[in-house]
Amino acid sequence: TETQVVVADGTKYLSLCNAGWPDPRDLRVQSHHKIKNPATRDQARETAFAMDQAAKLNRWAEQDRFKAIVICADPESLGEMLPIYNGPLKTATGR
């Protein structure tokens with residue numbers, strides 16, 4: 001298990017695994033997803049997307065898929081995700 005790096009916003013996310021920790025860094029795409037045809041900014045869809053991503057990260061933490069995780073997200077998505085983080089995910093984020 002390595003360090004996971006997740007980059008997300010209200011319509012898409014990219015999950016990378018740093019397989020080369022600590023050096024050299026070797027980021028590999030683990031998964032990605034994008035809401036199809038986000039023609040307009042729809043707050044309800046973006047909120048649901050952020051909550052789904054937090055639930056997925058919780059499952060990954062419970063499955064020990066990473067030792068540590070770095071989550072980069074826009075403020076709105078992060079605000080939706082933070083309250084959903086469970087114990088293992090909070091530990092992995094250093095919270």
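Let us look at the structure shown here. (Residues numbered from 1 in each chain as written. Predicted model: local features only at pLDDT ≥ 70, side-chain atom pairs only at ≥ 80, totals over all residues. Heavy atoms only, no water.)

With respect to the helices and strands, the residue Asn58 is situated in helix H1 (residues 43–62). Asn58 gets classed as buried once you look at its relative accessible area, which sits at 9%. Between the C-alpha atom of Asn58 and that of Leu89, which follows or precedes it by 31 residues, the distance is 5.7 Å. The contact partners of Asn58, leaving out residues within four places of it in the chain, are Ile84, Tyr85, Asn86 and Leu89. (Helix = DSSP H or I, 4+ residues; strand = E, 2+ residues; numbered from the N terminus. Buried < 20%, exposed > 50% of the residue type's maximum accessible area, 1.4 Å probe, protein only. Contact = heavy atoms within 4.5 Å.)

One non-glycine residue with positive phi stands out, namely Asp64, at about 55°. Counting through the fold element by element, Asp64 comes out in the loop between H1 and strand S4 (66–73). The exposed category is assigned to Asp64, whose relative accessible area is 55%.

Another aspect to go through is the pairing of strand S2 (residues 12–18). Among the 7 residues that make up S2, 5 are buried, leaving the element largely enclosed by the rest of the structure. As paired strands, strand S1 (residues 2–8) and S2 are joined by 6 bridges and run antiparallel to one another. Bridged to Val7 within S2 is Leu14. Relative to strand S3 (residues 27–34), S2 runs antiparallel, the two sharing 7 bridges. Bridge pairing in S3 links Leu14 to His32. (Pairing = 2+ DSSP bridges.)

Our next topic: the pattern of salt bridges. Counted according to the given criterion, the structure contains 2 salt bridges. Note that Lys12 and Asp9 form a salt bridge whose closest N and O atoms lie 3.0 Å from each other. Judged by its relative accessible area of 25%, Asp9 is partly exposed. Ionic pairing is found between Asp26 and Arg28, a salt bridge with its closest N-O pair at 2.7 Å. By relative accessible area, which is 48% here, Arg28 ends up partly exposed. (Salt bridge = Lys/Arg side-chain N within 4 Å of Asp/Glu carboxyl O.)

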